[in-house]
Structures are given as C-alpha cells and as structure tokens.
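Coordinate analysis (summary)
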Amino acid sequence: MTAPRLPLIRPTLRMWTILRRCYPGQNPVTVLGRGLDLLANADGHLTPDGRIKGGVGPGRRL
C-alpha cells in the first residue's frame, strides 16, 4: 500500500516572480514553507514550540 499523494500547489505568476527574484538559488518549496510557518505564527495558530493549536479552523480540531 502506498502513501496518499500530497496535493500539488501551483504558484501564481506573481508568487513565482517573487520567489525567483527575492530568493534566488533557494528551493521554492522551502521558501514557501517558511512563509507559511511565519503566517500561521503571526495569526496565532501555532503554539510557542511550533505545534498547531487545537480548534483552529471552522469546526475542526487538529
């Protein structure tokens, strides 16, 4: 049995331009991952140690 595939996320032209010009030579997936971590932290969705807080999202507990 194989693991389920993760969904493919396609960056917009603007996102790709920012990635290419502002983060040359860096892996785009890594850069986007760091950005998502920063956003989730700023929005208060992460605990101080980086775990997702319970009850985040509409009607969902993680």
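That block above? That's the structure.
Residues numbered from 1 in each chain as written. Predicted model: local features only at pLDDT ≥ 70, side-chain atom pairs only at ≥ 80, totals over all residues. Heavy atoms only, no water.

1. A short note on the side chain of Thr 47
Positionally, Thr 47 belongs in the segment after helix H2 (28–42). What makes Thr 47 buried here is its relative accessible area of 17%. Within the structure, Thr 47 has its side chain in polar contact with the side chain of Asp 49 (distance 2.3 Å). (Helix = DSSP H or I, 4+ residues; strand = E, 2+ residues; numbered from the N terminus. Buried < 20%, exposed > 50% of the residue type's maximum accessible area, 1.4 Å probe, protein only. Polar contact = N/O pair within 3.5 Å; in protein donor to acceptor, adjacent residues only side chain to side chain.)

2. Section: the packing of helix H1 (residues 13–22) against H2
Their axes nearest at 11 Å, the elements H1 and H2 cross at an angle of 105°. Compared by their axis directions, H1 and H2 come out roughly perpendicular. Counted together, Met 15, Trp 16 and Leu 19 of H1 and Pro 28, Val 31 and Leu 32 of H2 form the full contact between these two elements. Taken together, the residues that form the contact of H1 with H2 break down as six nonpolar, no polar and no charged. (Axes fitted to C-alpha atoms, helices over the stretch in contact; angles between N-to-C directions. Parallel < 35°, antiparallel > 145°, perpendicular 65-115°, else oblique. Contact = heavy atoms within 4.5 Å. Nonpolar A, V, L, I, M, F, W, Y, C, P; charged D, E, K, R; others polar.)

Nothing here speaks to function; it is all geometry.
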